[in-house]
2 protein chains.
Amino acid sequence: MTIGDELLYGQVVDTNSAFMGQELGKIGLRVRQISSVSDRADEIVAALDLARQRAQVVLITGGLGPTKDDLTKHVLAHYFGTELMMHEPTLHHVEEIFRRYDRPMLDVNRQQALVPANCTVLHNAVGTAPGMWFSDQGTVFVSMPGVPFEMKRLMTDHVLPRLQTQFDLAPIEHVVVMTTGLGESFLAAKIADWEDALPPNIKLAYLPSFGAVRLRLTGTADGLPDLRGRMLALLPVLRERIGEYIFAEEETALEAAIGKLLASRNLTIGTAESCTGGLVAHRLTGVPGSSAYFRGSIVAYHNDIKQQELGVKAETLARFGAVSEATVREMAEGARQRLGVDVAVATSGIAGPGGATDTKKVGTVCLAYADATQTISKEYVLDRGRALNVDYAAQSLLTMLHQQLAQKRG
Amino acid sequence: MTIGDELLYGQVVDTNSAFMGQELGKIGLRVRQISSVSDRADEIVAALDLARQRAQVVLITGGLGPTKDDLTKHVLAHYFGTELMMHEPTLHHVEEIFRRYDRPMLDVNRQQALVPANCTVLHNAVGTAPGMWFSDQGTVFVSMPGVPFEMKRLMTDHVLPRLQTQFDLAPIEHVVVMTTGLGESFLAAKIADWEDALPPNIKLAYLPSFGAVRLRLTGTADGLPDLRGRMLALLPVLRERIGEYIFAEEETALEAAIGKLLASRNLTIGTAESCTGGLVAHRLTGVPGSSAYFRGSIVAYHNDIKQQELGVKAETLARFGAVSEATVREMAEGARQRLGVDVAVATSGIAGPGGATDTKKVGTVCLAYADATQTISKEYVLDRGRALNVDYAAQSLLTMLHQQLAQKRG
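Every value quoted in this text rests on a predicted model; they were computed, and no experiment measured them.

## Some thoughts on the pairing of strand 9 (residues 172–180) of chain A
Residue and element names in this part refer to chain A.
Working step 1: Burial of strand 9 is extensive: seven of the nine residues sit out of reach of the surface.
Working step 2: Bridge analysis of strand 9 against strand 11 (residues 212–220) gives nine bridges, and the strand direction is antiparallel. Bridging across to strand 11, Thr180 finds its partner in Ala212.
Working step 3: Sheet topology places strand 9 next to strand 12 (residues 246–248); two bridges connect them, and they run antiparallel.

Spelled out as structure tokens, the structure:
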């Protein structure tokens, strides 16, 4: 249950529920429902009443900030028939945080240490609002701050270990196969008979996002041993049918799979980006340890930069245009040389909404890959609006890069 | 109401609800609750029953895909006491899509044109699953695909105009003031008396995200004229108190506000990025029309690249280290020259989890800004994990950039 008018008005996207769902699944708790409700006391109470009918555990985030629209703590105190009291260890912790950052402590900050008298306080190591654990007539309620990194820390430090201790449920097993480069329905057609033959306690779901599709097998305990082993034994058929699109058999990002291949083959990489504007570099460097193989990038938005920094020929630009396979190949090759890397990838495209020419539509994207032995390129046209065009170009380029690296024998 | 086990398992973040909340607010419909439920028919039905008690309009996304775990359509047909039938215009549309992309059409794709017999079909211009509008005992139910860009198109093309026609509600007015560079509680302290004096029909909310805080005034109709004008008349006090942190008085991204300043002052910009790995360039180029002022970037992850491409001196790196104000100043100045831009910004930091040295902790970030007349720099330490460290560094740099540009008189 996430609390806050900002969620209902759509001014904040609820990412907390997804994190909690993932973590609860790992310890064998199934999320029955996610609800986002307003900051109004009556609506919070109505949602608490419904949630306790539905579930044994109700996790609540939000509404614990220091400002006037943050009501959760007051509502919970009233709901559980108690009052707010000052929690001294929390007060010391809040004071310590303000001392550390050398900031003046305001009265609203002191009030962060007020908690309902009948809760168990969960120490928030990275923020001022503590977690609060209530046991009420057989239902556990836990209130956490809405700030994602504080909620995550409270989940990891306190909530998940306590739930594991308190409940003894048959675990749910997940096996995830990550694919990229083929749409959901085409994947489904290639594995329809395999899917039909799955045992009744194992379900398959297709989870598409940005040109990638996660295949998720969910197994529920059936009384027989080694559920996970039996699920893994289903994978060889998948590999045979759709192996060229699989980049990992665990929950991992495409850029992390690419990083593993680069590291294992001892290759360095760089990018030359026009339409993606640095997104490919940002994704590659999002992987911890990427500095071992990622050297740098040239974001060449202006044609001058393409020529000066990447050595794209004026003639190529004049003859084929900036958005062309010829240009993007020279960008990739130029990046290899300038950045001194083994592998370089490049993008050029018309992200839109402006920029279309007589011969090139918005959504036209050219991609290239270059290594010591070859340069390959492709062009496609697909317009879904500027932001998605850029996201999709980056995903397509990383897909191309992964396929090339996977083919290279280390 | 969003449907899908993937939401409950946390494998997909529900971004649809936020979009719908924003758009509904604009036409004066208040979202009462957001619910995410599983793909199980009984849970979908239970959620429909509850939703109709709570609201006059129930918008549903998800579960309309071509695969076996997509049940929504079947459940809705049953719930509204009817059967699925083939909708010929939709079938033609699906066939047309497959012809256009020259892809083989599968039987599951044909089934996308099956709809409950008593719904009004809403044409999905950008996908194969149509929207479905039901009126049932005074409640409107609308089912849309879960794919965000398809849902958005259906909302814009059909759902919002139809809702506007059908309902006649007092509009909610929102006035949003965007700030960056000061935390929520410090902003709150600076404007506490102003907030206390707000009329009862105008509420203030603080919406923090990544170092920025949106201040949202929400006004509900009070029978007096010109609600919006009276809300805007509240802003001069805000400007006086916290003007230096305000970058826009409308819902806009910091990078868009920066783009406006650059364009109006006729300045070009480039970036030199180490720890942010291209994210600052990606954000700046996310603004439509940014090619008018953004020329390019050097992502200099490896020290060799900092020297070769940005002219950072070996001596500086040896004496102060790559993560130092001295280095980042040279990066910004080097980028100005190499990219031929008026303004350049630079980052260097230890994003973590590895990379700490004897003298520099994980979370150490150095930022610089350089233009024709000055170079300024700063250093801070704040560790919230790799991804957030990078996000926060980019936000801090853009904040610094905005403040400098705002001070420059055009």
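## Things to note about unusual backbone geometry
All names here are of chain A.
Working step 1: The omega torsion of the bond from Gly352 to Pro353 falls at 0 degrees, within 30 degrees of zero and hence cis.
Working step 2: Examined against the element boundaries, Pro353 turns out to sit in the loop between strand 15 (343–349) and strand 16 (364–370).
Working step 3: Backbone geometry at Asp226 places phi at a positive 55 degrees, although glycine is not the residue there.
Working step 4: Relative to the assigned elements, Asp226 resides in the loop between strand 11 and helix 10 (227–232).

## A closer look at the interface of chain A and chain B
How big an interface is tends to be stated in terms of accessible area lost as the parts join.
Working step 1: In this complex, chain A contributes 91 residues to the contact, which on the side of chain B involves 91 residues.
Working step 2: Overall, the association of chain A and chain B removes approximately 7,400 Å² of surface from exposure, summing both partners, and the carbon and sulfur fraction of that is 56%.
Working step 3: In this assembly, chain A and chain B are joined by ten salt bridges.
Working step 4: A salt bridge links Arg338(A) to Glu309(B); the shortest N-O distance between them is 3.1 Å.
Working step 5: The interface formed by chain A and chain B includes 39 residue pairs in polar contact (both at pLDDT 80 or more).
Working step 6: Among the residues making up the side of chain A that touches chain B, the classes are represented as 39 nonpolar, 27 polar and 25 charged.
Working step 7: Judged from the five bridges that link them, strand 14 (residues 294–300) of chain A and strand 14 (residues 294–300) of chain B form a sheet pairing that is antiparallel. Across the sheet, Val299(A) pairs through a bridge with Ser297(B), a residue of strand 14 of chain B.

## Some words on the UniProt feature "domain: MoaB/Mog" (unreviewed entry) in chain A
Working step 1: The residues that UniProt annotates with the feature "domain: MoaB/Mog" (unreviewed entry) are residues 1–165 of chain A.
Working step 2: Taken end to end, residues 1–165 of chain A comprises 44% helix and 20% strand; its first and last C-alpha atoms sit 22 Å apart.

## Side note on helix 11 (residues 235–242) of chain B
Residue and element names in this part refer to chain B.
Working step 1: Every buried residue of helix 11 is listed here: Leu235, Leu238 and Ile242. Burial along helix 11 is one-sided: seen end-on, the buried residues are contained in an arc of 55 degrees.
Working step 2: Among the structural elements, strand 9 (172–180), helix 8 (184–190), helix 9 (192–196), strand 11 (212–220), helix 10 (227–232) and strand 12 (246–248) are those in contact with the buried residues of helix 11.

## Observations concerning the side chain of Thr179(A)
Residue and element names in this part refer to chain A.
Working step 1: Looking at the element boundaries, Thr179 is found in strand 9.
Working step 2: Taking the relative accessible area as the measure of exposure, Thr179 reaches 1% and is therefore buried.
Working step 3: In terms of polar contacts, Thr179 uses its side chain to reach the backbone carbonyl oxygen of Val213, at 2.7 Å.
Working step 4: Once you skip the residues sitting within four places of it in the chain, Thr179 turns out to touch Leu187, Ala212, Val213, Leu215, Ile242, Tyr245, Ile246 and Phe247.

## Details of the relation of the copies chain A and chain B
Working step 1: When chain A is fitted to chain B, the residual RMSD is 0.1 Å, and the transformation amounts to a turn of 180 degrees plus an axial shift of 0.1 Å. Such values leave the two copies arranged in the relation of a two-fold axis.
Working step 2: The fraction of interface residues of chain A whose copies in chain B are also interface residues reaches 100%, indicating that both copies meet through the same surface.

## Let's talk about the sheet that holds strand 17 (residues 375–381) of chain B
Working step 1: Read across the open sheet, the ten strands follow the order 17(A)-16(A)-15(A)-13(A)-14(A)-14(B)-13(B)-15(B)-16(B)-17(B); overall the sheet is mixed. Of all the strands in the sheet, just strand 17 (375–381) of chain A together with strand 17 of chain B have a single pairing partner and so form its edges. The mean inter-strand angle of the sheet, taken between neighbouring strand axes irrespective of direction, is 10 degrees.
Working step 2: Across six bridges, the pairing between strand 15 (residues 343–349) of chain B and strand 16 (residues 364–370) of chain B is antiparallel. From the neighbouring strand, Gly349(B) faces strand 16 of chain B, where its bridge partner is Val365(B).
Working step 3: Here helix 14 (residues 303–310) of chain B sits on the sheet in contact with strand 14 of chain A together with strand 13 (269–273), strand 14 and strand 15 of chain B, set at roughly 140 degrees to strand 14 of chain B.
Working step 4: The strands touched by helix 16 (residues 325–339) of chain B within the sheet are strand 13, strand 14, strand 15, strand 16 and strand 17 of chain B, with strand 15 of chain B carrying the most contacts at an inclination of about 145 degrees.

Conventions used here
Residues numbered from 1 in each chain as written. Chains lettered and ligands numbered in written order. Predicted model: local features only at pLDDT ≥ 70, side-chain atom pairs only at ≥ 80, totals over all residues. Heavy atoms only, no water. Buried < 20%, exposed > 50% of the residue type's maximum accessible area, 1.4 Å probe, protein only. Helix = DSSP H or I, 4+ residues; strand = E, 2+ residues; numbered from the N terminus. Pairing = 2+ DSSP bridges. Contact = heavy atoms within 4.5 Å. Buried area = accessible area lost by both parts, 1.4 Å probe. Salt bridge = Lys/Arg side-chain N within 4 Å of Asp/Glu carboxyl O. Polar contact = N/O pair within 3.5 Å; in protein donor to acceptor, adjacent residues only side chain to side chain. Nonpolar A, V, L, I, M, F, W, Y, C, P; charged D, E, K, R; others polar. UniProt positions renumbered as here; feature names shortened; annotations may be inferred. Arc of directions from axis to C-beta. Least-squares fit on C-alpha atoms with pLDDT ≥ 70 in both. Axes fitted to C-alpha atoms, helices over the stretch in contact; angles between N-to-C directions.

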